[in-house]
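What the coordinates show
Letter by letter, the chains look like this.
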Amino acid sequence: MSEKPWVVTVDGPAGAGKSTLARLLAAKLGYLYLDTGAMYRAVAWAALRRGIGPEDETAVEELLQELKATLTLVPAKDGRCRVKVEGRDVTAQLRSPEVTRAAPLFAQMPQVRKTLTEWQRAWGEKGGVVADGRDMGTQVFPWAQRKFFVTASPHERARRRYRQLRRQGFAVTFDEVLKEVLERDRQDENRELAPLKPAPDAILVDTTGAKVQETVRRMWSYFPRHVPRGVAGGRRP
Ligand code: C5P
């Protein structure tokens, strides 16, 4: 009997390289890449659009109920995770500086964490998932078969974010991005619920000055040769 495909978690601070690494690992394993940051961003994006602030718990609860019916994650051919709300692809809008600033504020809310944790577990239920985020190894999938915690120096992380944002056409300065990255780390590390921290059994991976393929090889060395493979693609909870 073939073994059930695994759940692999990749946690770490903003700009550490999690999504690239998680995506490449997922491709090697034939697993689905689950971008949980995009889920928190989608909540923040939808709230901003309606003018709902994190202090309005009732409105946020209503919004979550609505998103349950209208938000879908669509695995794309390039291995990325696209996000649709009411059938409209909003992935690019989730990367805006406004959404980036708002996401940690909504991510601190117990009801938001509870709902998104349930969605994420539904995606991971059958295994065959590489999930990236902040609390994948500690809270959402504590039973994951492999856990990585990816870091890099704050300057390198800010440099990567800066290049990414400029490429996407956002007019930001390096100093603004560095400030944003440090502030987001502070919020994610110090919140009461599911703070950003490595799981005790996570493998620490520092990507400062490392080439992507080099890091993927290093992470790959922690998998046995006969790791159960999956079949990536349009699977939905
Ligand atoms: O990873 P990304 O930068 O897209 O995440 C956006 C924000 O969503 C993070 O700063 C964090 O506040 C929140 N987040 C979280 N838990 C996760 C993934 C993201 O709290 N598992």
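The model shown is predicted, which means the values in this text are computed figures rather than measured ones. (Residues numbered from 1 in each chain as written. Predicted model: local features only at pLDDT ≥ 70, side-chain atom pairs only at ≥ 80, totals over all residues. Heavy atoms only, no water.)

Concerning the site of the ligand
Heads up, the condition is: Here, proximity means that at least one heavy atom of the residue falls within 4 Å of the molecule or strand. As used in this structure description, the phrase polar contact means that two N or O atoms lie within 3.5 Å; if the pair is within protein, one of them must be able to donate a hydrogen and the other to accept it, and residues adjacent in sequence are counted only when both atoms belong to side chains. Here the Shrake-Rupley method, with its probe set to 1.4 Å, supplies the accessible areas, and only the displayed protein chains count as covering residues. Helix and strand definitions here come from DSSP, where helices need a minimum of 4 consecutive H or I residues and strands a minimum of 2 consecutive E residues; each element is numbered from the N-terminal end.
Surrounding the ligand, one finds 17 residues, the nearest of these being R41, D135, R184, D188 and R191. Interatomic distance of 2.6 Å between a side-chain N/O atom of R41 and an oxygen atom of the ligand. Within the side chain of R184, a nitrogen or oxygen atom sits 2.7 Å from an oxygen atom of the ligand. Calculation on the ligand without its partners gives an accessible area of 450 Å², and the protein chains cover 98% of this total. Mapped onto the shell around the ligand, the elements with two or more residues apiece are α2 (36-50), α4 (97-107) and α8 (174-190).

Notes on the sheet that holds strand β2 (residues 32-35)
Think of a sheet as strands paired side by side through backbone hydrogen bonds, with each pair either parallel or antiparallel. We apply this condition: Think of it this way: DSSP has to see at least two bridges between two strands before they count as a pair. Angular values range over 0 to 180 degrees, each being the angle between N-to-C directions of two axes fitted as lines to C-alpha atoms, with helices fitted over their stretch in contact. Residue contacts are counted whenever heavy atoms from the two residues lie within 4.5 Å of one another.
One open sheet accounts for five strands, arranged β2-β6-β1-β7-β8; its pairing is parallel. The strands lining the two open edges of the sheet, one partner per strand, are β2 and β8 (203-206). Adjacent strand axes in the sheet meet at a mean angle of 20 degrees, parallel and antiparallel pairs treated alike. Of the strand pairs in this sheet, strand β1 (residues 7-11) and strand β6 (residues 129-133) are connected by five bridges, and their pairing is parallel. Bridging across to β6, T9 finds its partner in A131. Those strands touched by helix α1 (residues 18-29) are β1, β2, β6 and β7 (146-151), and its axis lies near 175 degrees from that of β6.

Side note on the packing of aromatic side chains
Inclusion rule: Each Phe, Tyr or Trp ring (for Trp, its six-membered ring) is paired with any other whose centre lies within 6.5 Å, and the angle between the two planes then decides the class: stacked below 30 degrees, edge-to-face above 60, tilted in between. Per-residue accessibility, obtained with a 1.4 Å probe over protein chains only, is compared with the maximum for each type, and a residue is labelled buried under 20%, exposed over 50%, and partly exposed between these values.
Enumeration according to the criterion identifies six aromatic pairs in this entry. Measuring from ring centre to ring centre gives 6.0 Å for F148 and F223, while their planes differ by 40 degrees; the resulting arrangement is tilted. With F148 in strand β7 and F223 in the segment after α9 (212-220), this pair connects stretches of sequence that are 75 residues apart. In terms of burial, F148 and F223 fall into one category: buried. Through a chain of ring-to-ring contacts, three or more aromatic side chains come together here, namely W6, F148, W220, Y222 and F223.

Considering the environment of G30
Locating G30 in the fold gives a position in the loop between α1 and β2. Sequence spacing of G30 and V231 is 201 residues, and the spatial spacing of their C-alpha atoms is 5.0 Å.

Focus: the pairing of β6
Among the five residues that make up β6, five are buried, leaving the element largely enclosed by the rest of the structure. Examined bridge by bridge, β2 and β6 share four bridges and lie parallel to one another. Within the sheet, the bridge partner assigned to L34 lies in β6 and is A131.

Quick look at a negative patch on the surface
Quick note on the threshold: Nonpolar side chains (Val, Leu, Ile, Met, Phe, Trp, Tyr) are joined into patches within 5 Å and like charges within 9 Å, using only residues with over 30% relative accessible area and no salt bridge. Salt bridges are identified by distance alone: a Lys or Arg side-chain nitrogen within 4 Å of an Asp or Glu carboxyl oxygen. Here the positive residues are Lys and Arg and the negative ones are Asp and Glu; neither His nor the chain ends is included. Every charge is mapped to an atom, namely NZ of Lys, CZ of Arg, CG of Asp or CD of Glu.
Taken together, the side chains of E55, D56, E57 and E62 present a region of like negative charge at the surface. Tracing the backbone through its elements, the reader meets E62 in helix α3 (residues 57-70).

Focus on the environment of F149
With respect to the helices and strands, the residue F149 is situated in strand β7. For F149 and K126, which are 23 residues apart along the polypeptide, the C-alpha to C-alpha distance reads 23 Å. Beyond its immediate stretch of four places on either side in the chain, F149 contacts D11, G12, P13, L196, K197, P198, A202, I203, L204 and V205.

With respect to the nonpolar core
Applied cut-off: What we call a nonpolar core is a set of buried Ala, Val, Leu, Ile, Met, Phe, Trp, Tyr and Cys residues that are connected through their side-chain atoms within 4.5 Å.
Counting residues in hydrophobic clusters, the biggest one holds 61 residues, and the most contacted among them are V8 and F148. Looking at this core element by element, the count peaks at nine residues for α2. Setting aside its immediate chain neighbours within four residues, F148 contacts V8, T9, V10, D11, L25, A202, I203, V205, M219, Y222 and F223.

So, the pattern of salt bridges
A full pass over the atoms with the stated rule returns 14 salt bridges. When the shortest N-O distance is used, the salt bridge between D89 and R82 registers 2.7 Å. The exposure class assigned to D89 is partly exposed, which follows from its relative accessible area of 34%. Sharing partners across several salt bridges, the network here consists of R134, D188 and R191.

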